[in-house]
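Descriptive analysis of the structure
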Amino acid sequence: MREVSRRGILGLGVGAAASLAVAGCSSGSGSGTPKPARTTQAKPIGDGSTSQGEKRPEAPKPERLEPGQKPPQFVVFSWDGAGEVGNGLFPRFRKLARDHDASMTFFLSGIYCLPESKKSLYRPPNNPVGASDIGYLTDEHIKETLRNVREAWLEGHEIGTHFNGHFCSGSGSVENWTPAQWKSEIDQAVSFVTEWRTNTRFTDVEPLPFDYHKELIGGRTPCLKGQTNLLPTARELGWRYDASSPGGLQVWPSKKQGVWDFPLQQIPFPGHSFEVLSMDYNILANQSQNSTKAPPANYPGWRKQATDAYIAGFNRAYETNRAPFFIGNHFEQWNGGIYMDAVEEALKHMADEKRKDVRLVSFKQLTDWLDAQDPAVLAELRGFGVGQAWSANND
């Protein structure tokens, strides 16, 4: 059994995919500023990497709960990195979302829009220029990522940030960054997304159809580290939420330093007396001790265990306090892709049309709903503990 660190696992997601590259046109070359592809109704922003004016489905207007009214069950599926490396996972889950009227949040890593040949543009805090603990994408994978991010936004999904270099250990870890260093990291992530046309010189890719300075209202830090010093910067930038807390419970969220705190949550782990964090990596770590290629004989049982864990977490919230349920993922093929299968099966279960009060939403949509509520009503909801049955009077 091959053992690798979390750092290594996340790097494998992009570095080992060359043989699966998606065919596409070569990038533009030569002198002069590359010309962006024309898009109906789009008005270019900056160098044409992004634009505004294209239409997408309008999100439902948040409904304000009346005192004592039972809330809907919110579920947020989110994706760290959001790079398409030729394995078809980004389009697979976009289709799944379309099929089940779901919105999701894609936390895009900024360097997934930056060619490795331009890595000297990245100056990570407390790390060498151009360094990254995740791999840079090939040109074709950058193109496929941009195309999928574009279509995802047009389909109604949210584009957040997973920052850039994914530093989780040593002196350069994000855990040690100051608020000012987080500001530098965010500024660079935004620049890589909003200036990809200048940096790549691609002329055969349409612009991202949003103003990223307005679209970006939250993110998730690498390895769920560094939130304490990130939050002052997030608040200063006007971010409305952060999804970087580890080890949260299935209770209604509150704010930290004026920013909504959406942690990954401890959920039941079938066959064990302990609970597991609601993310693919954490389930893997408890099944194969970080190996991404464990003996295949284990896969059917592990796939079912992962699926059942997600469903158990959902059922516990849906049948009791209705706390929003958060599931974190990566576009990965660990242990034969069993965690992607588990997420798909769990989403289908949650989206069962018999449950009319389930909402599969993005973090932005959840934030909009929370901000529309009476603070007294939210305070009452926060009074329900994990697994505590909902009641109109919180008895």
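Basis of the calculations
- Residues numbered from 1 in each chain as written.
- Predicted model: local features only at pLDDT ≥ 70, side-chain atom pairs only at ≥ 80, totals over all residues.
- Heavy atoms only, no water.
- Helix = DSSP H or I, 4+ residues; strand = E, 2+ residues; numbered from the N terminus.
- Buried < 20%, exposed > 50% of the residue type's maximum accessible area, 1.4 Å probe, protein only.
- Contact = heavy atoms within 4.5 Å.
- Pairing = 2+ DSSP bridges.
- Right-handed = clockwise from strand over helix to strand, strands pointing away.
- Disulfide = S-S within 2.5 Å.

The name given to the protein chain in an unreviewed UniProt entry is Lipoprotein, with the source organism recorded as Streptomyces malaysiensis subsp. samsunensis.

Here we come to the overall build of the protein chain. When its secondary structure is counted, the protein chain shows 12 helices and 12 strands. Classification of the 395 residues of the protein chain by burial places 55% in the buried group. Contacts spanning at least 24 positions in sequence make up 76% of the contacts within the protein chain whose residues lie at least 6 apart.

The next point concerns helix α8 (residues 280-288). Most of α8 sits inside the fold, with 7 of its 9 residues counted as buried. Within α8, burial applies to D280, Y281, N282, I283, L284, Q287 and S288. Residue Q289 follows α8 closely and has a positive phi angle near 50°.

Before going further, it helps to examine the pairing of strand β4 (residues 105-108). Here β4 shows no split at all, with T105 and F107 on one side and F106 and L108 on the other all buried. In the sheet, strand β3 (residues 73-81) pairs with β4 via 4 bridges, with the strands oriented parallel. What sits directly across from G81, in β4, is L108. Considered for its hand, the β-α-β crossover made up of β3, helix α2 (residues 89-99) and β4 is right-handed. In this sheet, strand β5 (residues 158-161) lies alongside β4 in parallel orientation, the contact comprising 4 bridges. Bridged to F106 within β5 is I159. What joins β4 to β5 is helix α3 (residues 139-154), and the crossover it makes is right-handed.

A word on the sheet that holds strand β6 (residues 241-242). The mixed open sheet is built from 3 strands, whose spatial order is β6-β8-β7. Every interior strand has two partners, whereas the edge strands, β6 and β7 (255-256), have only one. Bridge count for β7 against strand β8 (residues 259-261) is 2 bridges, and the pairing is antiparallel. Opposite K255, over in β8, you have W260 as the bridge partner.

Here we take up the state of the cysteines. Under the criterion given, the structure shown has 1 disulfide. Covalently, C168 is tied to C223 through a disulfide, its sulfur atoms 2.0 Å apart. The S-S bond linking C168 to C223 shows a torsion near 90°; that makes this disulfide right-handed. Taken together, the residues span a long stretch of sequence, with C168 in the loop between β5 and α4 (179-194) and C223 in the loop between α6 (212-215) and α7 (227-236) at a distance of 55 residues. In this pair, the class of C168 matches that of C223, namely buried.

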